[in-house]
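# Observations on the three-dimensional arrangement
Residue-level listing of the chains:
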Amino acid sequence: MRIIDYNNLKIGKQAFSSGSFGKIYECLYNGSIYAYKEFEDATFLHGKKQKLNGISKIDEDFLVTPRFWIKKDGKTSGYLTRLLNGKDLAFLEEYDLRYKVQILDNIKQEIKKMHSYGIIHSDISSSNIIMENSIPYFIDFDNCSYNNSPIKISDGSDITQEFIKKYGVIKELDIFLFNLLTFELVNECNYNLIRKNIMLNNYGLFDNSTSKEICESFFLEGEIPEKRFLIDKIK
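Residues numbered from 1 in each chain as written. Predicted model: local features only at pLDDT ≥ 70, side-chain atom pairs only at ≥ 80, totals over all residues. Heavy atoms only, no water.

### Brief notes about the overall build of the protein
As a reminder, the rule being used: By definition, any uninterrupted DSSP run of H or I lasting at least four residues is a helix, any uninterrupted run of E lasting at least two residues is a strand, and each is numbered from the N terminus. This radius of gyration counts C-alpha atoms alone. The globule rule is 2.2 Å times how many residues there are, raised to the power 0.38. Accessible area is worked out with a 1.4 Å probe on protein chains only. A residue is then buried under 20% of its type maximum, exposed over 50%, and partly exposed in between. In what follows, residue pairs with any heavy atoms lying within 4.5 Å of each other are defined as contacts. As used throughout, the charge tally considers Lys and Arg to be positive and Asp and Glu to be negative, leaving His and the chain termini uncounted. Charge coordinates come from a single atom per side chain, which is NZ of Lys, CZ of Arg, CG of Asp or CD of Glu.
In terms of helices and strands, the protein carries six helices and eleven strands. What you see for the protein is a C-alpha radius of gyration of 18 Å, in line with the 18 Å of a compact globule of 235 residues. Viewed in the frame of its principal axes, the protein has a C-alpha envelope of about 60 × 35 × 30 Å. Taking all 235 residues of the protein together, the buried fraction comes to 51%. A sequence separation of at least 24 residues applies to 60% of the contacts in the protein between residues at least 6 apart. Looking at the protein, you have 31 positive and 33 negative side-chain charges, and the mean spots of the two groups are 4 Å apart.

Set out below in structure tokens:
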């Protein structure tokens, strides 16, 4: 990716959401509007530039990947991506079940395509999928694995770290995280209470035998990880 000097940007307002390791701003560069992600700790990008350069070359609209590196005070401070004017996936709870299932099925197809390019996102959550004009877009590939590149495990969520310690960094990690997200949105269940609900036999709309098997995999007790998508099993 090409390197741009920070002083060539016209920085606007801070975006509606920011990552845990940095802030996101709207900005103007060369007549176009972008999202500028600036990291509070410049060392966060160490070991990540090569894979981000690689995925930036993938021509898929649903992957919102870095386009330009930004240099500030002699250091790489962040990058520019396409700016989305939408809401994160948490707002999907406001819609009816048929629409939710349609969107979640579209996301499933995107995950499978992402895997075909050698990308394991590793941080699939409602905040990292943005809905714009009823189309889901994936953002935040900072800690992804690309063509078997390593990820920084400590930068992952607690549930991600738990999966990796059990099974490693494999594509089923994304399926696991997406299945949790599917349960959360379809059943309108607090994400942090999903496993408690399963322990109490509260499966919501996933009350058939196959769905229950997938939900039981949330406890990561099986010898092999779950490969099935929960969204496929809804009645």
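### Details of the environment of I198
With respect to the element layout, I198 can be found in helix 5 (residues 194-199). Residue I198 is classed as buried on the basis of its relative accessible area, which comes to 2%. Between the C-alpha atom of I198 and that of F218, which follows or precedes it by 20 residues, the distance is 8.7 Å. For I198, the contacting residues outside a window of four places in its chain are F183, Y203, C215, E216, F218 and F219.

### Section: the pattern of salt bridges
This is how the line gets drawn: Between Lys or Arg on one side and Asp or Glu on the other, a salt bridge is scored when a side-chain nitrogen of the former is within 4 Å of a carboxyl oxygen of the latter.
For the structure on display, the rule yields 13 salt bridges. E172 is the partner of K227 in a salt bridge, and the nearest nitrogen-oxygen pair spans 2.8 Å. One end of the pair, K227, is in the segment after helix 6 (209-216); the other, E172, is in helix 4 (residues 172-187), and 55 residues separate them in sequence. Note that R228 is salt-bridged to E226, the shortest N-O span being 2.7 Å. Three or more residues joined by partner-sharing salt bridges are found here, namely K37, D140 and D142.

### Concerning the sheet that holds strand 4 (residues 32-39)
How we decide: When DSSP locates at least two bridges between a pair of strands, those strands are taken to pair. Only the stretch in contact is used when a helix axis is fitted, and all axes are lines through C-alpha atoms; the angle between N-to-C directions ranges over 0 to 180 degrees.
Taken together, six strands build an open sheet; the order of strands is 1-5-6-4-3-2 and the sheet is mixed. The sheet terminates laterally at strand 1 (2-5) and strand 2 (10-14), the two strands that pair on one side only. When the angles between neighbouring strand axes are averaged without regard to direction, this sheet yields 35°.

### Quick notes on helix 3 (residues 158-167)
Note on helix geometry: an α-helix contains 3.6 residues per turn, so any two residues three or four positions apart are oriented the same way. By the burial criterion, the buried members of helix 3 are I159, T160, Q161, F163, I164 and Y167. Elements in contact with the buried residues of helix 3: helix 4 and helix 5. Where helix 3 terminates, the next one or two residues include G168, which has phi positive at roughly 95°.

### Overview of the sheet that holds strand 7 (residues 87-88)
Ordered by their spatial adjacency, three strands build an open sheet running 7-9-10, and the pairing between neighbours is antiparallel. Edge strands, defined here as strands with exactly one partner in the open sheet, are strand 7 and strand 10 (135-138). As judged from the two bridges shared by strand 7 and strand 9 (residues 129-132), these two strands associate in the antiparallel manner. Looking at the pairing, K87 lines up with M131 of strand 9. Here helix 2 (residues 97-116) sits on the sheet in contact with strand 9 and strand 10, set at roughly 40° to strand 10.

### Digging into the packing of helix 3 against helix 4
The angle between the axes and the distance between the axes are what describe a pair of packed helices. Threshold: An angle below 35 degrees is treated as roughly parallel, one above 145 as roughly antiparallel, one from 65 to 115 as roughly perpendicular, and anything else as oblique. The sense of a crossing depends on the near helix, which, turned anticlockwise from the far helix by less than a right angle, makes the crossing left-handed and, turned clockwise, makes it right-handed. Three categories are distinguished: nonpolar for Ala, Val, Leu, Ile, Met, Phe, Trp, Tyr, Cys and Pro, charged for Asp, Glu, Lys and Arg, and polar for the others, with Gly belonging to the last.
Here helix 3 crosses helix 4 at 140°, and the two axes come no closer than 10 Å. In terms of orientation, helix 3 lies oblique with respect to helix 4. The handedness of the crossing between helix 3 and helix 4 is right-handed. Taken together, the residues of helix 4 that come into contact with helix 3 (itself represented by I159, T160, F163 and I164) are E172, L173, F176, L177 and L180. Tallied by class, the residues present in the contact of helix 3 with helix 4 amount to seven nonpolar, one polar and one charged.

### Let's talk about the packing of aromatic side chains
This is how it is decided: Pairing of aromatic rings covers Phe, Tyr and Trp, the last counted by its six-membered ring, and requires centre-to-centre distances within 6.5 Å; plane angles under 30 degrees mean stacked, over 60 mean edge-to-face, and any other angle means tilted. By definition here, charges over rings are those cases where NZ of Lys or CZ of Arg is within 6 Å of the ring centre and within 35 degrees of the ring normal.
Evaluation of the coordinates by the stated rule reveals 16 aromatic pairs. Pairing Y29 with Y34 gives two aromatic rings, centres 6.4 Å apart and planes at 50°, and the pair type is tilted. By relative accessible area, Y29 is classed as buried at 12%. According to the relative accessible area criterion, Y34 is buried, its value standing at 11%. Aromatic rings pair up to connect F163, Y167, F176, F183, F206 and F218 into one cluster. Taking the ring centre of F44 as reference, the NZ or CZ of K48 above it sits at 4.1 Å. Its guanidinium or amino end placed over the ring of Y6, K72 lies 4.4 Å from that ring's centre, counting from NZ or CZ.

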